[in-house]
Amino acid sequence: MNFSKLTEILPAGAVLLSEESRRVYECDALSAHRVMPGCVVLPDTVEQVQAILSYCHSHDIPVVARGAGTGLSGGAMPHEEGVLLILAKFNKIIEIDPEQRTARVQPGVRNLAISDAVKSHGLYYAPDPSSQIACTIGGNVAENSGGVHCLKYGLTVHNIMQLKLVTIEGELITVGSHAFDSAGYDLLALLTGSEGMLAVIVEVTVKLVPKPPFSRVLLAAFDDVEKAGNAVAGVIAEGIIPAGLEMMDKGGVRAVEDFVHAGYPTDAEAILLCELDGTQDEVETGLNAVEQLLTRFGATEVRVAQNDAESDLFWAGRKAAFPAAGRVAPDYYCMDGTIPRKHIAQVLSGINDLSKKYKLDVINVFHAGDGNLHPLILYDIAIPGELKRTEAFGSDILKLCIEMGGTITGEHGVGIEKINEMCIQFSDDELEQFHAVKAAFDKKGLLNPGKAVPTLNRCAEFGAMHVHAGKDKFPELERY
Amino acid sequence: MQEKIKIIQDQLANAIEQREPLKIVGGDSKAFLGRNSTGTSLEMSSYSGVISYEPTELYITARSGTTLSEINNTLTEHGQMLAFDPPQINASTTIGGVVATGLSGPRRPYTGSVRDYVLGIHCINGLGKELTFGGQVMKNVAGYDLSRLMTGAYGTLGVILDISLKVMPIPEFEMTCHQLLSAEKALAKMLELSTGNIPISASCYDGEALFIRLSGDEKVVKTSSEAIGMDVLEQAQLFWDELRDYKSSIFNSDNNVWRLSVPLTSVVAVADDSCLIDWGGGLYWLNSDRSAEEIFNMASVAGGSAMLFKGSDRQQEVFQPLTDGLLSLHKGLKNAFDPHGILNPGKMYATV
């Protein structure tokens, strides 16, 4: 590949060709998958992005876009013969409109930086992936990122209004608008979660929501996982949509309690955390109702946080689940399936059976409100064969999610990690439809090749190749 | 119902062979929308029935020919609703038509649009292939989001068979306040109220008065209504139902009825046209005899888009014309789903 021409398009220092400078970029947060990018480019204007894509298009060079590289599914893993297009320099908030409650931002702006910038207007950006301190909004759009408040506030797709994107031909196109509806097909929805396969996003207009005046967390303990699962359904049946509804099993509670001392009851089989927000009256009435309801569903103990500090403490435990897993085992592998809530107990029991079968411990943390589970498989990469068993265990969990009417990924994306399981979730006809959609944007297949949607050949050979997990590349980031 | 699917597939195969487009018809209550289209009718209303509904999972799955009233009745029994407030044009309105047109009601700015609640779609593409995208769970990022893409695509990308939608609890309490105001003051008030923490679920200006609906906890709603300081409207349900179902007087005009979706703070050159403003200032309904070109231009200047909602000339474009780049993506997508161009061709745009 001839990348040196790119230095004519970009200023000095924005094209990395030497091996040592490219080495830093060889993986995203799924660090077991490493590929040296053919070349790394760091443009800082939309015109430069257009020129790069246009050049790559005419010379058949693959392009992988990347924001902060905090993705957990290997979606921004480089291509060895391609260009790794880093959008981190696009870190400006272009415009904040408090009346319209929107912010127009560049793709490299960090998720949390948006909320920080609009705080003085009493507003915030709702989706809150656990990596929000570091992950960029462009990456959030590419993955349709979620967080712990999705049930009430939605995913990225529900919280953006307009995208500016550059096609592989280098054309700048605006999709969506600052109005509620836009003309034509809902390309905004199609682009969200498309994992960098269709276009490169160069600007995002996000919706902002008013910060609720009051919020509180409640903690409930159960002596039986099934009771906890039923209680989750009970809350929903009561017509309550909590801001957050989280569940953790015994293994999780113990690991966390040893680590952060959040005061979790370590003899419980499962705990629930339920956050309500709104006006103070509304929240207090709601908490009262939830407390009674959980007791009726068999909670052995219900604790309502008495102040913001106690709410934060309850959350601190949940948010420490991943690092706590890292303390009890040398390595852990995080899964991301979603299931109908009613099957929570059954799936947990299935995961426990698999845990025995593969002789590997597992800690279960759930975004229970929306059925999104993050089992953390504990293993030690230094023990021969253990990583392989972990991968097989993980794959079986995803199959279980599909069997239960769920999906292989709720918020982390397919990337390279779950590409084989896509063959189970979708039929050949469905995969062909995906490829046809891809071709409508990128006929030559240059954008993020080999990710998100497997080829039919790959599915036919499924099993021959195995993917595996790795250590957390961003140990400083909270993951929950 | 497998036989019905087989019949649809046969009809599709026949259409491809004969090169004769199909016109997908559900309850036929929205036939006045979109461009004039020709073709053999593909009847969907007999493909009906709720397939599964689990109130605690917050979803309902129904066949596309299921009437909206059947779905609403089913949900109401369990204290739930479709939060995007779909228009019930008449008793035969189907859920398939609701999703295909993507039209949401007065609640939309505060609770979200049709596509925000679409979880999954089972459909047949233009090649006769039966496909399922998305599912019944709240979070699902496996594969491209083709079920949301098909929402509002006017049947040009596929024949929708089954739809899964997220459902929400019916608010505990609602009340509507109103006040006579100038358009300017009403718009300012709508903006001011929506940036606060008041539980608004609808706000519109009918040319004379501002109407604000509040929904939620009874105590909070009552306190908020006092804070707003407007008069309480009796018969509020009727008022909002008429607006939602296009029965208000603005829709009964000899002139064309235009629908303009614009940014909240934009200035729309309404001129002498009679006008109703919904969605807190984001949706303008106009009675106008101005040319399509003039209206499209006005919408574009305001940063939004227009649609000829009711009008005589449906040979021309009725939706805001797309930029060249967007149109080319639309053609590419149409070709990806329906390469023979047999599904509602020309219904949205002449060349899609």
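Residues numbered from 1 in each chain as written. Chains lettered and ligands numbered in written order. Predicted model: local features only at pLDDT ≥ 70, side-chain atom pairs only at ≥ 80, totals over all residues. Heavy atoms only, no water.

Visitor: Outline the overall build of chain A, listing residues and values.
Guide: Broken down by element type, chain A carries 17 helices and 18 strands. For 480 residues, the compact-globule estimate of 2.2 N^0.38 gives 23 Å, and chain A sits close to it at 22 Å. Principal-axis analysis of the C-alpha atoms gives chain A an extent of 70 × 60 × 40 Å. Going through the 480 residues of chain A one by one, you find that 64% of them count as buried. Carbon and sulfur atoms provide 49% of the accessible area of chain A, an area that totals close to 16700 Å². On chain A, the mean spot of the 41 positive side-chain charges and the mean spot of the 64 negative ones are 3 Å from each other. (Helix = DSSP H or I, 4+ residues; strand = E, 2+ residues; numbered from the N terminus. Rg over C-alpha atoms; globule rule 2.2 N^0.38 Å. Buried < 20%, exposed > 50% of the residue type's maximum accessible area, 1.4 Å probe, protein only. Areas by Shrake-Rupley, 256 points an atom, 1.4 Å probe, with all protein chains shown as cover. Lys, Arg positive; Asp, Glu negative; His and termini not counted. Charge placed at Lys NZ, Arg CZ, Asp CG, Glu CD.)

Visitor: How would you sum up the interface of chain B and chain A? Please name residues and give values.
Guide: The interface is formed by 65 residues belonging to chain B together with 80 residues belonging to chain A. Here chain B meets chain A over a buried area of about 6100 Å², counting both sides, of which 62% is carbon and sulfur. For chain B, the biggest contributors to the area lost against chain A are Lys139(B), Val141(B) and Tyr144(B); these three give 16% of the whole. Scanning the region where chain B abuts chain A turns up seven salt bridges. (Contact = heavy atoms within 4.5 Å. Buried area = accessible area lost by both parts, 1.4 Å probe. Salt bridge = Lys/Arg side-chain N within 4 Å of Asp/Glu carboxyl O.)

Visitor: Would you mind going over the packing of aromatic side chains in detail, with residue names and values included?
Guide: Within the structure shown, the criterion is met by 20 aromatic pairs over all chains. Relative to Phe434(A), the ring of Phe426(A) has its centre 5.0 Å away and its plane inclined at 80°; by these criteria the two rings are edge-to-face. Across the pair, exposure class does not vary: Phe426(A) and Phe434(A) are buried alike. Between Trp285(B) and Phe309(B), the ring centres sit 4.8 Å apart and the planes meet at 80°, which makes this aromatic pair edge-to-face. Residue Trp285(B) is located in strand β16 (residues 283-288), and its partner Phe309(B) is located in strand β17 (residues 305-310); the two are separated by 24 residues in the primary sequence. You'll find Trp285(B) and Phe309(B) in the same group, each marked buried. Taken together through their ring pairs, the aromatic side chains of Phe32(B), Tyr246(B), Phe251(B), Trp285(B) and Phe309(B) make up a single cluster. The cationic tip of Arg213(B) hangs over the ring face of Trp240(B); the distance from NZ or CZ to the ring centre is 5.1 Å. One residue, Lys310(B), lies across the ring of Phe32(B), its end atom 5.7 Å from the ring centre. (Phe/Tyr/Trp six-rings, centres within 6.5 Å; stacked < 30°, edge-to-face > 60°. Lys NZ or Arg CZ within 6 Å of the ring centre and 35° of its normal.)

Visitor: Go over the sheet that holds strand β17 (residues 362-367) of chain A with me, naming the residues and quoting the values.
Guide: Residue and element names in this part refer to chain A. Read from one edge to the other, the open sheet built from seven strands follows the order β15-β12-β14-β13-β17-β18-β16, with strand pairing classed as antiparallel. In the strand order of this sheet, the two ends are held by β15 (301-304) and β16 (331-334), each with one partner. On average, each strand axis in the sheet is tilted by 15° relative to the strand beside it, whichever way the strands run. Pairing analysis gives six bridges linking β17 to strand β18 (residues 372-379), with the strands arranged antiparallel. Following the sheet pairing, Val365 is matched in β18 by His374. (Pairing = 2+ DSSP bridges. Axes fitted to C-alpha atoms, helices over the stretch in contact; angles between N-to-C directions.)

Visitor: Quick one: what's the story with the pattern of salt bridges, residue by residue and with numbers?
Guide: For the structure on display, the rule yields 39 salt bridges over all chains. Taking the shortest distance from any N to any O, the salt bridge between Arg259(B) and Asp181(A) comes out at 2.7 Å. With Arg259(B) in strand β14 (residues 256-261) and Asp181(A) in the loop between β9 (172-176) and α7 (187-191), the pair connects residues from two separate chains. One salt-bridge network, in which partners are shared between bridges, spans Asp85(B), Arg213(B), Asp241(B), Arg244(B) and Asp245(B).

Visitor: Give me the lowdown on the nonpolar core, citing residues and values where you can.
Guide: By size, the foremost hydrophobic cluster in this structure holds 195 residues, and its most contacted members are Leu187(A), Leu190(A), Met247(A), Leu294(A) and Leu260(B). By residue number, the principal contributor to this core is helix α14 (residues 386-403) of chain A, which donates seven residues. Sequence-distant contacts of Leu190(A), defined by excluding residues within four places in its chain, comprise Leu198(A), Val437(A), Phe441(A), Tyr144(B), Leu146(B), Leu149(B) and Leu333(B). Formed by 27 residues, the second largest nonpolar core is a distinct cluster that contains Leu273(A), Ala305(A), Trp315(A) and Phe322(A). (Core = buried A, V, L, I, M, F, W, Y, C linked by side-chain atoms within 4.5 Å.)

Visitor: Lay out the confidence of the model for chain B in plain terms, naming residues and giving numbers.
Guide: This prediction gives chain B a mean pLDDT of 96; 100% of its residues lie at or above 70. The complex prediction reports pTM at 0.95, with the ipTM value standing at 0.97. (pLDDT = per-residue confidence, 0-100.)

Visitor: So what's going on with the side chain of Glu203(A)? Residues and values would help.
Guide: Residue and element names in this part refer to chain A. In this structure, Glu203 sits in strand β10 (residues 200-207). Of note is the side chain of Glu203, whose polar atom sits 3.0 Å from the side chain of Arg104. Look past the residues within four positions of Glu203 in its chain and what remains in contact with it is Ile94, Arg104, Val105, Pro107, Gln162, Leu163 and Lys164. (Polar contact = N/O pair within 3.5 Å; in protein donor to acceptor, adjacent residues only side chain to side chain.)

Visitor: Describe the domain arrangement of chain B, with residues and values.
Guide: All names here are of chain B. Each assigned domain of chain B is listed here: domain 1 (2-169), domain 2 (173-244) and domain 3 (249-310). Computed over C-alpha atoms, the centres of domain 2 and domain 3 are 22 Å apart. Of the roughly 820 Å² buried between domain 2 and domain 3, counting both surfaces, carbon and sulfur atoms make up 65%. Among the residues domain 2 hides against domain 3, the three largest losses belong to Leu187, Leu191 and Leu243. Together they make up 50% of the total. Summed over the shared surface of domain 2 and domain 3, the result is three residue pairs in polar contact (both at pLDDT 80 or more). When residues of the side of domain 2 that touches domain 3 are traced back to their parent elements, those giving at least two are α7 (183-194) and β11 (200-205). (Domains from an automatic or database assignment.)

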